[in-house]
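A closer look at the structure
Letter by letter, the chains look like this.
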Amino acid sequence: MKNETVEDQRKQALERILKAYDDDVKNIILPMIEDVLFLEQQLKYLRALPFIRVNPQNRSQQKPTPASKQYKELLQQYNNCIKIL
């Protein structure tokens, strides 16, 4: 279909992974696909934000932003979900 979004295509690709498994496994893993899609959207959003805050008076002073911390946490969750899938 030409009207499919990138998210729809990604969901279909992830669902194709499950074709080889029996229904019990599919029922356990299928909800995780929605989680993976959500995490991908959040990671994409966070990548657009700055990860480091620089002190304008002293450029050598830098610290991570909340976005960088959240990105790191979500990336870990995403990687764990992908390993399971």
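I will try to describe carefully the structure that is included in this document. (Residues numbered from 1 in each chain as written. Predicted model: local features only at pLDDT ≥ 70, side-chain atom pairs only at ≥ 80, totals over all residues. Heavy atoms only, no water.)

Side note on the overall build of the protein chain
Each helix and strand counted, the protein chain has 3 helices and 2 strands in total. For the protein chain, the succession of helices and strands along the chain, N to C, is α-α-β-β-α. The globule rule puts the C-alpha radius of gyration for 85 residues at 12 Å, and the 18 Å found for the protein chain is more than 25% above it. Expressed along its principal axes, the backbone C-alpha trace of the protein chain runs to roughly 60 × 30 × 15 Å. (Helix = DSSP H or I, 4+ residues; strand = E, 2+ residues; numbered from the N terminus. Rg over C-alpha atoms; globule rule 2.2 N^0.38 Å.)

Things to note about the nonpolar core
Grouped together as the largest cluster of nonpolar side chains are 16 residues, with contacts concentrated most on Leu14, Ile33, Val36 and Leu85. Considering each element in turn, this core owes the most residues, 8 residues, to helix 2 (residues 23-47). Among all residues touching Ile33, those that are not within four sequence positions of it are Lys11, Leu14, Glu15, Leu18 and Leu85. (Core = buried A, V, L, I, M, F, W, Y, C linked by side-chain atoms within 4.5 Å. Buried < 20%, exposed > 50% of the residue type's maximum accessible area, 1.4 Å probe, protein only. Contact = heavy atoms within 4.5 Å.)

Brief notes about the packing of aromatic side chains
Per the counting criterion, the structure on display carries 1 aromatic pair. With a centroid separation of 5.2 Å and an interplanar angle of 50°, the aromatic rings of Phe51 and Tyr71 are classed as tilted. With Phe51 in the loop between helix 2 and strand 1 (52-54) and Tyr71 in helix 3 (residues 66-84), the pair connects residues that are 20 residues apart, well separated along the chain. Overall, the relative accessible area of 28% leaves Phe51 in the partly exposed class. Tyr71 sits in the buried class, given a relative accessible area of 15%. (Phe/Tyr/Trp six-rings, centres within 6.5 Å; stacked < 30°, edge-to-face > 60°.)

Let's talk about the environment of Leu14
When you line up the elements, Leu14 lands in helix 1 (residues 6-17). Between the C-alpha atom of Leu14 and that of Glu34, which follows or precedes it by 20 residues, the distance is 9.7 Å. Residues within four places of Leu14 in sequence aside, it is in contact with Ile33, Val36, Leu37 and Leu85.

Here's the deal with the packing of helix 1 against helix 2
Following both chains from N to C, one finds helix 1 and helix 2 inclined at 140°, their axes separated by 10 Å at the closest point. The orientation of helix 1 relative to helix 2 falls into the category oblique. In this structure, the crossing between helix 1 and helix 2 has a hand that is right-handed. Together, Glu7, Arg10, Lys11, Leu14 and Glu15 of helix 1 and Leu30, Ile33, Glu34, Val36, Leu37, Glu40 and Gln41 of helix 2 make up the contact between the two elements. Of the residues assigned to the contact of helix 1 with helix 2, the class counts are 5 nonpolar, 1 polar and 6 charged. (Axes fitted to C-alpha atoms, helices over the stretch in contact; angles between N-to-C directions. Parallel < 35°, antiparallel > 145°, perpendicular 65-115°, else oblique. Left-handed = near helix turned anticlockwise from the far one by under 90°. Nonpolar A, V, L, I, M, F, W, Y, C, P; charged D, E, K, R; others polar.)

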